[in-house]
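Chain residues, written in single-letter form:
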Amino acid sequence: MPRRNSKAHRVVSRIPGTARISPEYQESTTPLSAEDDDYLESKSTTRKNIMDVEERRRILESDPWALQVKAKCVQCGGCTRWIRLDQRNLYYGGLWYKHRNICREIRRLKGEVIPK
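These numbers were taken from a predicted model, which means no experiment stands behind them. By convention here, each chain's residues receive numbers from 1 onward along its written sequence. Given that the model is predicted, a residue must reach a pLDDT of at least 70 before its local features are reported, and side-chain atom pairs must reach 80 or more before they are shown or counted; all residues, however, enter totals for whole chains, interfaces and linings. As a rule here, side-chain values come from all non-hydrogen atoms in the structure, and water together with hydrogens is ignored.

Asks: Could you give me a rundown of the pattern of salt bridges, with the residues and numbers involved?
Replies: Any carboxyl oxygen of Asp or Glu that lies within 4 Å of a side-chain nitrogen of Lys or Arg is treated as forming a salt bridge with it. One pass over the full model with this rule turns up 6 salt bridges. Where Arg107 meets Glu112, a salt bridge forms, and the shortest distance between an N and an O atom there is 3.1 Å. One network of salt bridges, in which partners are shared, links Glu54, Arg57 and Glu61.

Structure below.
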């Protein structure tokens, strides 16, 4: 695989007017092989671990700290507040997981020491 230019180039000389980029940071002119093409093609078509709506719903409903689960919000079992979920996707629990990890009532009920 060819070498790409680095974000930060290493300068070989510190004498003003004589600076040049170190050869190890210069871009290679070696053409891509068929192997490289296959690798790049497969990387662009593979999907990251994406769960479907039903799987995300099941995970949220199985959470012991979630009292009620709706498509766009979850009721916290510690503080009983409704926590809005990400509005772009149904049952996307990123904001719920963040709340669950910092909720003072959940931490208190778990027996953790809560700093004031």
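Asks: I'd like a description of the nonpolar core, backed by residues and values.
Replies: Leu60, Ala66, Val69, Val74, Cys76, Cys79, Ile83, Leu85, Tyr91, Trp96, Cys103 and Ile106 form the largest nonpolar core, which has 12 residues in total. Only DSSP runs of H or I with at least four residues qualify as helices, and only runs of E with at least two residues qualify as strands; both kinds are numbered from the N terminus onward. Contributions of two or more residues to this core are made by β1 (66-69) and β2 (73-76). Excluding residues that lie within four positions of it along the chain, Tyr91 makes contacts with Val53, Arg56, Arg57, Leu60, Val69, Lys70, Ala71 and Leu85. Only buried Ala, Val, Leu, Ile, Met, Phe, Trp, Tyr and Cys residues count toward a nonpolar core, and they belong to the same one when joined by side-chain atoms within 4.5 Å. Exposure categories follow from relative accessible area, calculated using a 1.4 Å probe and restricted to protein chains: below 20% of the type maximum is buried, above 50% is exposed, and the middle band is partly exposed. For this analysis, residues touch if any pair of their heavy atoms sits within 4.5 Å.

Asks: Could you give an account of the packing of aromatic side chains, naming the residues involved and the relevant values?
Replies: Here the aromatic set is Phe, Tyr and Trp, taking the six-membered ring for Trp, and pairing holds for ring centres within 6.5 Å; pairs whose planes are under 30 degrees apart are stacked, those over 60 apart are edge-to-face, and all others are tilted. Applying the stated rule across the entire model yields 0 aromatic pairs. A ring is scored as having a charge over it whenever the NZ atom of a lysine or the CZ atom of an arginine sits within 6 Å of its centre and within 35 degrees of its normal. Note that Lys70 overlies the ring of Trp82, its terminal NZ or CZ placed 5.0 Å from the centroid.

Asks: Please provide a residue-by-residue account of the sheet that holds β1, values included.
Replies: A sheet is described by the order of its strands in space; here 3 strands give the open sequence β1-β2-β3, paired in antiparallel fashion. Every other strand in the sheet has two partners, leaving β1 and β3 (82-84) as the edge strands with one partner each. Shown here is a sheet whose adjacent strand axes are inclined to one another by a mean of 30°, direction ignored. A strand pair is defined by DSSP finding two or more bridges across the two strands. Pairing analysis gives 3 bridges linking β2 to β3, with the strands arranged antiparallel. What sits directly across from Val74, in β3, is Ile83. Seen against the sheet, helix α3 (residues 94-102) touches β1, β2 and β3 and runs at an angle of roughly 135° to β3. Lines fitted to the C-alpha atoms define the axes, with helices restricted to the stretch that makes contact. Angles between their N-to-C directions range from 0 to 180 degrees.

Asks: Pulling in residues and values, what's your account of the pairing of β2?
Replies: Consecutive side chains along a regular strand alternate between the two faces of the sheet. The two faces of β2 match: Cys73 and Gln75 on one face and Val74 and Cys76 on the other face are all buried. Both β1 and β2 contribute to a ladder of 3 bridges, which runs antiparallel. Note on β2: the bridge partner recorded for Val69 is Val74. The loop that links β1 with its antiparallel partner β2 comprises 3 residues.

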